[in-house]
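Working through the structure, step by step
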Amino acid sequence: MMHNGVALQGGTTHYFGDGFARVFDITFAGRDNTVRYPHQTSWGVSTRMIGAIIMTHGDDNGLILPPAIAPIQLAIIPVAQHKEGVLEKADEIKRQLAKRFRVKLDDSDQSTGWKFSQYEMKGVPVRLEIGPKDIENNSCVLVSRVTREKKFVSLDNVEAEVEAMLRQVHEELSTRVLKNLEEKTHVATNFEEFVEIAENKPGYIKAMWCGEVECEDKIKDVTGGVKSRCIPFNEEKLSDICACCGKPAKHMVIWGRQY
Ligand SMILES: [Zn+2]
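Counting restarts for each chain, with residues numbered from 1 along the sequence as it is written. Whole-chain, interface and lining totals are the exception, using all residues; otherwise, since this is a predicted model, local features are given only for residues with pLDDT of at least 70 and side-chain atom pairs are given and counted only at 80 or more. Neither water nor hydrogens contribute to the side-chain values; these are computed over all heavy atoms in the structure.

So, about the nonpolar core. Membership of the largest hydrophobic core comes to 23 residues, with the highest contact counts inside it found for Leu-74, Ile-76, Leu-97, Leu-128, Ile-130 and Val-162. Looking at this core, the elements that each hand over two or more residues are β5 (74–78), α3 (86–97), β6 (103–105), β7 (126–130), β8 (139–144) and α6 (158–183). Per the convention used, a helix needs a DSSP run of H or I reaching at least four residues, while a strand needs a run of E reaching at least two, with both numbered from the N terminus. Broken down by element, this core gets its largest block of residues, six residues, from α6. Here a residue-residue contact requires only that any non-hydrogen atoms of the pair lie within 4.5 Å. Setting aside residues no more than four positions away along its own chain, Ile-76 makes contact with Ala-90, Ile-93, Lys-94, Val-103, Lys-104, Leu-105, Asp-106, Leu-128 and Ile-130. Counting 18 residues, the second-largest nonpolar core is a separate cluster that includes Ala-188, Phe-191, Ile-197 and Ala-198. To form a nonpolar core, buried Ala, Val, Leu, Ile, Met, Phe, Trp, Tyr and Cys residues must be joined to one another through side-chain atoms within 4.5 Å. Residue exposure (1.4 Å probe, protein chains only): buried if accessible area is under 20% of the type maximum, exposed if over 50%, otherwise partly exposed.

What follows deals with the sheet that holds β5. A sheet is described by the order of its strands in space; here five strands give the open sequence β6-β5-β7-β8-β9, paired in mixed fashion. Of all strands in the sheet, those bounded by a partner on one side alone are β6 and β9 (150–154). This sheet shows a mean twist of 25 degrees between the axes of neighbouring strands, independent of strand direction. Pairing between strands is defined by DSSP: at least two bridges between them are needed. Taken together, the three bridges between β5 and β6 define a ladder with parallel strand orientation. By the bridge assignment for β6, Ala-75 is matched with Lys-104. Inter-axis angles, ranging from 0 to 180 degrees, are taken between N-to-C directions of lines fitted to C-alpha atoms, where helices are fitted over the stretch in contact. Sheet strands touched by α3: β5, β6 and β7. Its angle to β5, the strand with the most contacts, is close to 165 degrees. With respect to the sheet, helix α4 (residues 112–121) is in contact with β5, β6 and β7, its orientation differing from that of β5 by roughly 175 degrees.

This part is about the coordination of the zinc ion. Water is absent from the atoms considered, so a metal site may look incomplete; donors are defined as N, O and S atoms within 2.8 Å of the metal, or 3.2 Å for Na, K and Ca. Cys-210 (SG), Cys-215 (SG), Cys-242 (SG) and Cys-245 (SG) make up the full set of protein donors to the zinc ion, lying at 2.3 to 2.4 Å. Mapping the donors of the zinc ion onto the primary sequence yields the spacing C-x4-C-x26-C-x2-C. Here the residue Cys-210 occupies a position in the loop between β11 (204–209) and α8 (213–223), and Cys-242 occupies one in the loop between β12 (227–230) and β13 (251–256), the gap between them amounting to 32 residues. Accessibility classification places Cys-210 together with Cys-242 in one group, the buried group.

How big an interface is tends to be stated in terms of accessible area lost as the parts join. For the chain, the assigned domains read domain 1 (13–57), domain 2 (74–180) and domain 3 (185–256). When each unit is reduced to the centre of its C-alpha atoms, the spacing between domain 1 and domain 2 is 42 Å. Here the limits of each domain have been adopted from an automatic or database domain assignment.

The subject of this paragraph is the sheet that holds β12. Read from one edge to the other, the open sheet built from four strands follows the order β10-β11-β13-β12, with strand pairing classed as mixed. The sheet is open, and its two edges are formed by β10 (185–187) and β12, each paired on a single side. For this sheet the average axis-to-axis angle between neighbouring strands, irrespective of direction, equals 45 degrees. In the sheet, β12 pairs with β13 via three bridges, with the strands oriented antiparallel.

Think of it this way: side chains of opposite charge can pair up when their charged atoms draw near. When a carboxyl oxygen of Asp or Glu lies within 4 Å of a side-chain nitrogen of Lys or Arg, that pair is called a salt bridge. According to the stated counting rule, one finds 15 salt bridges in the structure shown. For the salt bridge of Glu-163 with Arg-100, the shortest nitrogen-to-oxygen distance reads 2.4 Å. Of the two residues, Glu-163 sits in helix α6 while Arg-100 sits in the loop between α3 and β6, which places them 63 residues apart along the sequence. Residue Arg-100 is classed as partly exposed on the basis of its relative accessible area of 42%. Where Lys-206 meets Glu-236, a salt bridge forms, and the shortest distance between an N and an O atom there is 2.7 Å. Of the two residues, Lys-206 is situated in strand β11 and Glu-236 in the loop between β12 and β13; the sequence distance between them amounts to 30 residues. The network of salt bridges with shared partners includes Arg-100, Glu-159 and Glu-163.

This part takes up the side chain of Ser-144. With respect to the secondary-structure elements, Ser-144 resides in strand β8. According to the relative accessible area criterion, Ser-144 is buried, its value standing at 2%. A distance of 3.2 Å separates a polar atom in the side chain of Ser-144 from the backbone nitrogen of Val-146. For the purposes of these results, a polar contact is taken to be a pair of N or O atoms within 3.5 Å, where, inside protein, one atom must be able to donate a hydrogen and its partner to accept one; residues adjacent in sequence count only when each atom of the pair is a side-chain atom. Polar contacts involving the side chain of Ser-144 include one to the main-chain amide nitrogen of Thr-147, which spans 3.3 Å. Ignoring any residue separated from it by four or fewer positions in sequence, one finds Ser-144 in contact with Pro-125, Glu-149, Met-165, Val-169 and Glu-172.

What follows is about α6. To estimate the expected span of a helix, subtract one from its residue number and multiply by 1.5 Å. Compared with the 38 Å implied by 1.5 Å per residue over 26 residues, the 37 Å span of α6 between its first and last C-alpha is a close match. For α6, every residue scored as buried is listed here: Val-158, Glu-161, Val-162, Met-165, Leu-166, Val-169, Leu-173 and Asn-180. In this fold, the buried residues of α6 make contact with α2 (48–57), β5, α3, β7, β8 and β9.

Below, the structure written as structure tokens:
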């Protein structure tokens, strides 16, 4: 589920059997030296998954990348970098942290405010600010991209603090999307409820289904595009009857609109 409640199919796995191999005459020699057709699978890992990350986690200020896949996990921004010793210290911290994290030190001539916005927009999970006052106090400031929380930390344990904040960002992103999924998933037990929810509440609808394609078609037509997304492994028994036709239900289905 994307942030706005619309589904995006991605990373989908298919088992093709030997169908394509037979059509395209792809063969191999088996251990017994006979000609065989390979069985094939397809794993939909494509640029669409990048789109899903942007739409799932991003906010009005731009991207938010999960620390595990962020190309830059930590952006170091020197404050008042023309002052003596600031860039040297920033570089020293960068070299120390680069052993464990993917770090970028921006020592360009852009203003500090510009740099803050730049790495916020790019979704870098954690920002480290260091200026003359911080150096005097043997400290620096860490800022979370998700909560914008500022934390003053000692340079003596900056490594552990960065690691802790990256973990915190990961957990907050995970909690936030699961909460969104939960809040935007509704239950419908009859057709009237189903249509009412489909028209007024963005997100998914959990409803029982008889197994007949006629009911899928009717739901799609009446709601203007709501389709069955999946039958989860852990089906709940919401009622005994299909939410569309009232006949005995076979499955609990998650329904929704999709991109
Ligand atoms: Zn039905």
